[in-house]
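Listed below, chain by chain, are the residues.
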Amino acid sequence: MSIIARDQDTAAGKVDEKKLVAEAEAALGDIAKVRDGVGRVIFGQEAVVERTMVAILAGGHALLVGVPGLAKTKLVETLGVVLGLDARRIQFTPDLMPSDILGSEVMEQDSEGKRGFRFLPGPVFAQLLMADEINRASPRTQSALLQSMQEYHVTVAGHRHDLPSPFHVLATQNPLEQEGTYPLPEAQLDRFLMQVDILYPEIDAERRILLETTGINEARPENVLTPERLKQIQLLIRRMPVPDSVVEAILALVRLARPGLGHPETDRHVAWGPGPRASQALTLCARARALYDGRLAPSVDDVRALAEPVLQHRMALTFAARAEGMSVRDVIARLVKALG
């Protein structure tokens, strides 16, 4: 390659870098508006809001796990309004059928007497779908979401129907052992970019909830973004550079979590570990978290912070680990510590 050609490539690289920085700075302003918009309605729970937003910015789905009354539904409704997405809700019950989610074909007769089938789309045809208490539906109905979450289209009566773009599923799940619940299959859990655990609010946040939600004037969310702008930010996140140190940290962490690779503690405690989709999720979420925090590139700290929500639903413990009273979170905390 000649010197002139190298100079031209260098100049083009600098132009692309400046353009990326300018786009990122513009996105930071939009994300700040989203944070403020959500914060007007959802009090406390900063970590929950951050992780849920990271999942959406990364273009994926999230599983929200928490006991009743912790504003899971309120959070999804607020995000739908603030982000300008067409949001719909499905209340999962044991008698819910796949057609109740996907839609069905009906026979119609026109004015000339000709009969034909017409597809009536179900609630899955939304940009933000809330699957409320997803573990209350049967596995057959849960699997109806599987194709839509992975392929972004559904097949009904042999015909393909594309879903709107962007498409995100925020599913809620009650962690309490109750009669009439069905555990999510591993294949469906793996489709969720993150599992976001929602804990009880701190006392200051709960005091604010009491004061601001029991009066006459209750805060309402306002739209600050469009679906088209959200898609632009999602594309920008995929273009963000990832340092080699972050890539190596992700690979090391995910491989540490897999049994059978020469790690005695993992072999003792982990029955099966995360696959390559976990590495992809960590990479995307680390980029999204960096931008959410106002940074233009992810760091190893992002990997450490996201290890639990990205890995915990992609791992299972051995009988020995459960007998010792360990949880998946305990194992992940040890792996993060071993990462250095």
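The present account deals with the structure reproduced in this document. Keep in mind that this is a model prediction, so the values were computed, not measured.

**Regarding the packing of aromatic side chains**
Link 1 in the chain: On inspection of all chains with the given rule, the structure shows two aromatic pairs.
Link 2 in the chain: Residues Phe119 and Phe125 carry aromatic rings whose centres are separated by 5.8 Å and whose planes lie at 65° to one another, so their mutual orientation is edge-to-face. Summarising the burial analysis for this pair, Phe119 and Phe125 share the class buried.
Link 3 in the chain: When the ring of Tyr152 is compared with that of Phe167, the centres are 6.2 Å apart and the planes differ by 90°; the resulting orientation is edge-to-face. Remark: Phe167 occurs in the loop between strand S7 (159-162) and strand S8 (168-173) and Tyr152 occurs in the loop between helix H6 (144-151) and strand S6 (153-156); sequence separation between them is 15 residues.
Link 4 in the chain: Take Tyr152: its relative accessible area is 34%, and that puts it in the partly exposed class.

**What to know about the pattern of salt bridges**
Link 1 in the chain: Using the criterion set out here, one finds 21 salt bridges in the structure.
Link 2 in the chain: The partner of Asp30 in a salt bridge is Arg229, and the shortest N-O contact between them spans 2.6 Å. Highlighted residues: Asp30 in helix H1 (residues 3-39) and Arg229 in helix H9 (residues 227-239), separated in sequence by 199 residues.
Link 3 in the chain: Taken together, the shared-partner salt bridges connect Glu50, Arg289, Asp293, Arg295 and Asp302 into one network.

**A closer look at the environment of Gln195**
Link 1 in the chain: Within the element layout of this structure, Gln195 appears in strand S9 (residues 194-197).
Link 2 in the chain: You can call Gln195 buried: its relative accessible area is 13%.
Link 3 in the chain: Sequence-wise, Gln195 and Gly325 are 130 residues apart; in three dimensions their C-alpha atoms are separated by 21 Å.
Link 4 in the chain: Dropping the residues within four chain positions of it, Gln195 is found in contact with Leu63, Val65, Pro309, Gln312 and His313.

**Notes on the packing of helix H12 (residues 276-292) against helix H13 (residues 300-311)**
Link 1 in the chain: In contact at an axis separation of 9 Å, H12 and H13 are set at 130° when each is read in the N-to-C sense. On the basis of their axis angle, the class for H12 and H13 is oblique. As for how H12 packs across H13, the hand of that crossing is right-handed. Across from Ala278, Ala281, Leu282, Cys285, Ala286, Arg289 and Ala290 in H12, the residues of H13 making contact are Asp301, Asp302, Val303, Ala305, Leu306, Ala307, Val310 and Leu311.

**A few points about the sheet that holds S8**
Paired through their backbone hydrogen bonds, the strands of a sheet run either parallel or antiparallel.
Link 1 in the chain: One open sheet holds the five strands; their spatial order is S2-S5-S8-S1-S9, and the pairing between them is parallel. Every interior strand has two partners, whereas the edge strands, strand S2 (87-91) and S9, have only one. Within this sheet the neighbouring strands show an average axis-to-axis angle of 20°, counted without direction.
Link 2 in the chain: Alignment of strand S1 (residues 62-65) against S9, held across four bridges, turns out to be parallel. When the bridges of S9 are listed, Val65 appears paired with Asp197.

**A short note on the environment of Glu324**
Link 1 in the chain: Within the secondary structure layout, Glu324 lies in the loop between helix H14 (319-323) and helix H15 (328-339).
Link 2 in the chain: For Glu324 and Arg51, which are 273 residues apart along the polypeptide, the C-alpha to C-alpha distance reads 30 Å.
Link 3 in the chain: A polar atom in the side chain of Glu324 sits 2.3 Å from the side chain of Arg268.

**Remarks on the pairing of S1**
Link 1 in the chain: Residues Ala62 and Leu64 point to one face of S1 and Leu63 and Val65 to the other, with burial holding for every one of them.
Link 2 in the chain: In terms of strand pairing, S1 meets S8 through four bridges, oriented parallel. Bridging across to S8, Val65 finds its partner in Gln173.

Reading the values: rules and limits
Residues numbered from 1 in each chain as written. Predicted model: local features only at pLDDT ≥ 70, side-chain atom pairs only at ≥ 80, totals over all residues. Heavy atoms only, no water. Phe/Tyr/Trp six-rings, centres within 6.5 Å; stacked < 30°, edge-to-face > 60°. Buried < 20%, exposed > 50% of the residue type's maximum accessible area, 1.4 Å probe, protein only. Helix = DSSP H or I, 4+ residues; strand = E, 2+ residues; numbered from the N terminus. Salt bridge = Lys/Arg side-chain N within 4 Å of Asp/Glu carboxyl O. Contact = heavy atoms within 4.5 Å. Axes fitted to C-alpha atoms, helices over the stretch in contact; angles between N-to-C directions. Parallel < 35°, antiparallel > 145°, perpendicular 65-115°, else oblique. Left-handed = near helix turned anticlockwise from the far one by under 90°. Pairing = 2+ DSSP bridges. Polar contact = N/O pair within 3.5 Å; in protein donor to acceptor, adjacent residues only side chain to side chain.

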